[in-house]
Amino acid sequence: MISDRSQSPFPSVPASWFHLCGSEALNRGPVSIELGGRTFVGYRPQSGRAVVLSGRCSHLGAQLGNGAVCGERLVCPLHGWEYGPDGGCEKIPAADVIPDFARQNSYPTEERGGHVFFFNRRQARFALPFFKGLTPDQLLPAKPFELIADAPWYFVGANGFDVQHFRMAHDRTLLGPPEVSSPSPFARRVVATFAVTGHSFQDRLTRRLAGPHVTMDVTVWCGSLILVRAEFQRTTSYGIFNVLPIDAHRTLGRVIVWVKRSNSVLGRGLFDPLNAAIHRFFIQTFLRSDLPRIAGLHYQPEHLIDADGILSDYFDWLEKVSEPLPTENT
Ligand code: FES
Ligand SMILES: [Fe+2]
């Protein structure tokens, strides 16, 4: 029986960084996204630095994502009110006086490795994270892919801390106890080594090409950004799993897989894109096997047993860190 999901202690969307789009998409015009019933719009002013504002026009609520960029401003498609990068309305075609309410919220925005991220509160509570010890120019991203999970957002990051599921869902057998830590109050990390024990074509190929063991290093930032480093004997893959809550039951995952760039020109032109595409294929297959297994999950902390201890601690941490902030007028 499905319990009352409204009893979940988690907000509909955590206060955190979210993926908006690839940087190139923003070069073509405004891009909007909806998170938990709130719309955000990104655009690139002429001066170049990406901007994210609340997406519903302060006049009558038109979608600014359907508007146009004019110089530094984003222009509403309905009556042409023009907003600057700080969200202030700078021009109303039909009036000389601009009322106080004529303003959008503006949100912290960063571009990293060809992707645009924003924090869904007026001030970021922590800096946009990246893989420890690496800069984006050392890595090559593959084309992102998307997955839809029929589960609330807080189960997606939890999947990495659900060490018991790796055997059933991924044919990975745990070797030794996982190490859990908090590299920041806003992040939770688990590192565990597994044997690749499956008999599928992918697993046989993985053992042969990459090696028989993998150390998974998973860091979840406030439930919305999951940074994964999977280190095999002969190769390492990097993934950023962007968690985008659709509603109380469904979550969009947008995954960017990265590989280390080679030092040679030939490697960069030929080998790296192929390597990135291969890693992307394997990771996509790996993650897809979670989807039918996590479909319909609901939060029942009283049903977690001792063997779920790491998962249970993860939920306790997430509950504390994802407290809803005061309602903002968007
Ligand atoms: S709704 Fe945007 S200008 Fe009127
Ligand atoms: Fe999984």
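To be clear, the structure that these remarks concern was listed above.
Thresholds applied
The written sequence of each chain sets the order in which its residues are numbered from 1. Here the convention is simple: chains get letters from A, ligands get numbers from 1, in the order in which they are written. Confidence filtering applies because this is a predicted model: local features only for residues at pLDDT of at least 70, side-chain atom pairs given and counted only at 80 or more, and all residues used for totals across whole chains, interfaces and linings. The side-chain values count all of the structure's non-hydrogen atoms but skip hydrogen atoms and water molecules. Coordinating donors are taken to be N, O and S atoms lying within 2.8 Å of the metal, or within 3.2 Å when the metal is Na, K or Ca; because water is excluded from the atom set, some sites may appear incomplete. Only protein chains enter the area calculation, which uses a 1.4 Å probe; residues under 20% of their type maximum are buried, those over 50% are exposed, and those in between are partly exposed. Helix and strand assignments follow DSSP, with helices taken as H or I runs no shorter than four residues and strands as E runs no shorter than two, numbered in order from the N terminus. In this analysis, two residues are considered to be in contact whenever any of their non-hydrogen atoms come within 4.5 Å of each other. With a 1 Å grid spanning the protein atoms alone, the term cavity applies to any set of points in which a 1.4 Å probe fits but cannot get out, the term pocket to an open set with protein on both sides within 12 Å along at least five of seven lines, and the term lining residue to any residue with an atom within 4 Å of a point. Grid points are joined across faces, edges and corners, and a volume is the space filled by probe spheres set on the points. Classification convention: Asp, Glu, Lys, Arg as charged; Ala, Val, Leu, Ile, Met, Phe, Trp, Tyr, Cys, Pro as nonpolar; all other residues, Gly among them, as polar. Only when DSSP finds a minimum of two bridges between them are two strands counted as paired. Two rings from Phe, Tyr or Trp (for Trp, the six-membered ring) form a pair when their centres are within 6.5 Å of each other. A pair whose planes differ by under 30 degrees is stacked, one over 60 is edge-to-face, and the rest are tilted.

> Any chance you could explain the coordination of the iron ion (ligand 2) here in plain terms?
Metal coordination angles have textbook ideals: 109.5 degrees for a tetrahedral set of four donors and 90 or 180 degrees for an octahedral set of six. Protein ligation of the iron ion (ligand 2) involves Asn159 (OD1), His165 (NE2), His170 (NE2), Asp290 (OD) and Asp290 (OD), the donor distances falling in the range 2.1 to 2.5 Å. Between consecutive donor residues of the iron ion (ligand 2), the sequence gaps follow N-x5-H-x4-H-x119-D. Residue classification places His165 among the buried residues on the basis of a relative accessible area of 10%.

> Just to check I follow, could you spell out the side chain of Asn242 for this structure?
By secondary structure assignment, the location of Asn242 is in strand E19 (residues 236-245). When neighbours within four sequence positions are excluded, Asn242 is seen to be in contact with His19, Phe117, Ser224, Leu225, Leu252, Gly253, Arg254 and Ile256.

> Help me understand the layout of surface pockets, please; the structure alone is not making it clear to me.
Over the atoms, a rolled probe matching the size of one water molecule traces out where space is still vacant. Taken as a whole, the largest pocket spans an internal volume of roughly 1,000 Å³. If you go around the largest pocket, you meet 48 residues; those closest to its centre are Arg172, Phe282, Ile283, Phe286 and Leu287. Ranked by residue count, the leading element in the lining of the largest pocket is helix H5 (residues 265-288), at 10 residues. For the lining of the largest pocket, a count of residues per class yields 29 nonpolar, 15 polar and four charged. Of the voids in this model, the second largest pocket is the one considered here, and its volume is about 390 Å³. Around the second largest pocket, the lining is made up of 19 residues, and of these Phe155, Asp162, Leu297, Leu304 and Leu311 lie nearest the centre.

> Which parts of the structure should I look at to understand the sheet that holds strand E3 (residues 38-43)?
In sheet architecture, strand pairing relies on hydrogen bonds along the backbone and comes in two forms, parallel and antiparallel. Ordered by their spatial adjacency, four strands build an open sheet running E2-E3-E4-E9, and the pairing between neighbours is antiparallel. A strand with exactly one partner marks an edge of an open sheet, and here the two such strands are strand E2 (31-35) and strand E9 (106-107). With four bridges joining them, E3 and strand E4 (residues 51-54) adopt antiparallel strand pairing. In the strand pairing of E4, Val41 is matched with Leu53.

> How should the packing of aromatic side chains be read in this particular structure?
How two aromatic rings sit relative to each other is given by the distance of their centres and the angle of their planes. Summed over the entire model, instances satisfying the criterion amount to 26 aromatic pairs. Summarising the aromatic geometry, the rings of Phe10 and Phe315 are spaced 6.0 Å apart at their centres and angled 50° between planes, so their arrangement reads as tilted. A residue pair is termed long-range when its members are at least 10 positions apart, and Phe10 in the segment before strand E1 (17-22) and Phe315 in helix H7 (residues 309-321) qualify at 305 residues. Its relative accessible area of 8% is what places Phe10 among the buried residues. Each ring, one from Tyr314 and one from Phe315, has its centre 5.9 Å from the other, and the planes form 65°; the classification is edge-to-face. Across the pair, Phe315 and Tyr314 agree in class, each one buried. An aromatic cluster is built from Phe10, Trp153, Tyr154, Phe155, Phe161, Tyr299, Tyr314, Phe315 and Trp317, whose rings are joined through pairwise contacts.

Any functional reading would require information that these geometric values do not contain.
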